[in-house]
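Single-letter residue listing:
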Amino acid sequence: MKQLTLNNEFSYVDYLNSLIDDFIIELKTDRLKNHQKILELCHAAKFLSFFNNKYHIEKISEEPDFIISSANERIGLEHQILIESISKEKEGFCDNLFRLAEQILTEEKSTKNFLANIYINPFFFFFINEKQKSILEIVETVNIFAETGELIENELIERISIMPHSRISLCPNLGAWWQKNISPDLLIKAINKKERLIDNYVKKTNLNQWLLIVIGGLGESSYQLDNNFNLDVESKFDKIYILEDFNYQLYEIK
């Protein structure tokens, strides 16, 4: 396993924007529906930034997730986020509540645009049969805070901070957690799962196939690499990479 390094003289903000600009406008027309694909697109762009302007995203697809291109080659890029499923279920349900509440606030247009960092009561339990009630409680609480600065009594939200933004955006925070180290067994299982699809990808595209595994997000469900981690793996994928998202680090394991 080897770590790839970034070129410090390279303008990454401009490059990342150039990689996603052709796709992001259309995806943002329905942020709720395209949330996962927007995330995958940002991960792919961050991954390509380690190759010093060599590659660009040619196409978003599903089998594989992306086609990337350089001056002399085209490659299929499959993307996978590796997370701990039990914690992710809670995070996913919470994120969905706040995205739906964000959509209602945007449609109401009753306040100015803002970004709200929202700290959730750690003792609050989410119940599926009370989903709509929770959404409306978020909308009311955030709306009143945005207008008056007052946090009304509620069961879900403990604290809110607001700043100006280009649109209405809600960022829920579930509190502190201990991030778990990834294990070789988990990575091998993830690779094997994706490898079942590779023959179909090759048949469909007639291209070499790379696998990008993303870890190290901001939630309790995310994994990180231990300093002593090492893995050599056999796979049908021509290249396999691990991207630590928050730390902006990339490792090649095949």
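Above this text you will find the structure in question.
Keep in mind it's a predicted model, so treat the numbers as computed, not measured.

K.L.:
What's the story with the sheet that holds strand S2 (residues 56-60) in this structure? I'm lost.
P.N.:
Sheet strands pair via backbone hydrogen bonds, and the direction of the pair is either parallel or antiparallel. The sheet built from seven strands is open, its strands ordered S1-S12-S11-S9-S4-S3-S2 with mixed pairing. The outermost strands of the open sheet, each flanked by one partner alone, are strand S1 (2-4) and S2. Across this sheet, the average inter-strand angle for adjacent strands is 30°, counted without regard to direction. Here S1 pairs with strand S12 (residues 249-252) via three bridges, running antiparallel. Residue Leu4 lies in a different strand from S12, and its bridge partner there is Leu250.

K.L.:
Mind showing me how you'd approach unusual backbone geometry here?
P.N.:
A negative phi holds for most residues other than glycine; trans holds for most peptide bonds. Between Glu63 and the following residue, Pro64, the backbone shows a cis peptide bond with an omega angle of 0°. Among the structural elements, Pro64 can be located in the loop between S2 and strand S3 (66-69). Phi at Asn52 is positive, roughly 50°, even though this residue is not glycine. Take Asn52: its relative accessible area is 43%, and that puts it in the partly exposed class.

K.L.:
What is the right way to read helix H2 (residues 35-48) from this model?
P.N.:
Since the α-helix packs 3.6 residues into each turn, any two residues three or four apart lie on the same face. Between its first and last C-alpha, H2 extends 20 Å over 14 residues, near the 20 Å set by a 1.5 Å rise per residue. With ten of 14 residues buried, H2 lies mostly within the body of the structure. Looking at H2, one finds that the buried residues are Lys37, Ile38, Glu40, Leu41, His43, Ala44, Ala45, Lys46, Phe47 and Leu48.

K.L.:
Hey, could you run me through the pairing of strand S9 (residues 208-215) in this one?
P.N.:
Regular strands place their side chains on alternate faces of the sheet. Where burial is concerned, most of S9 is hidden: seven out of the eight residues are buried. In the sheet, strand S4 (residues 74-81) pairs with S9 via seven bridges, with the strands oriented parallel. By the bridge assignment for S9, His79 is matched with Leu212. Bridge count for S9 against strand S11 (residues 239-244) is six bridges, and the pairing is parallel. Within the sheet, the bridge partner assigned to Val214 lies in S11 and is Leu243.

K.L.:
I'm lost on the side chain of Lys46 in this one. Help?
P.N.:
Looking at the element boundaries, Lys46 is found in helix H2. Residue classification places Lys46 among the buried residues on the basis of a relative accessible area of 18%. If near-sequence neighbours (up to four positions away) are discounted, Lys46 is found in contact with Leu16, Leu243, Asp245 and Tyr248.

K.L.:
Could you clarify how one ought to interpret the sheet that holds strand S7 (residues 169-173) in this entry?
P.N.:
What the three strands build is an open sheet, ordered S6-S5-S7; its pairing is mixed. Strands at the two margins of the open sheet, each flanked by one partner only, are strand S6 (157-164) and S7. Between one strand and the next, the sheet's axes are offset by a mean angle of 20°, whatever the strand orientation. Contacts from helix H4 (residues 131-148) reach strand S5 (114-120), S6 and S7, with the element oriented near 50° to S6.

K.L.:
Help me understand the pairing of S5 in this model?
P.N.:
Of all seven residues that make up S5, five are buried, and the element is covered over most of its length. Relative to S6, S5 runs antiparallel, the two sharing seven bridges. Paired with Phe114 across the bridge in S6 is Pro164. Note that S5 and S7 share five bridges and pair parallel. Across the sheet, Asn117 pairs through a bridge with Cys171, a residue of S7.

So, how was this worked out
- Residues numbered from 1 in each chain as written.
- Predicted model: local features only at pLDDT ≥ 70, side-chain atom pairs only at ≥ 80, totals over all residues.
- Heavy atoms only, no water.
- Pairing = 2+ DSSP bridges.
- Helix = DSSP H or I, 4+ residues; strand = E, 2+ residues; numbered from the N terminus.
- Axes fitted to C-alpha atoms, helices over the stretch in contact; angles between N-to-C directions.
- Buried < 20%, exposed > 50% of the residue type's maximum accessible area, 1.4 Å probe, protein only.
- Expected span 1.5 Å × (residues − 1).
- Contact = heavy atoms within 4.5 Å.

By themselves, these figures tell us nothing about what the structure is for.
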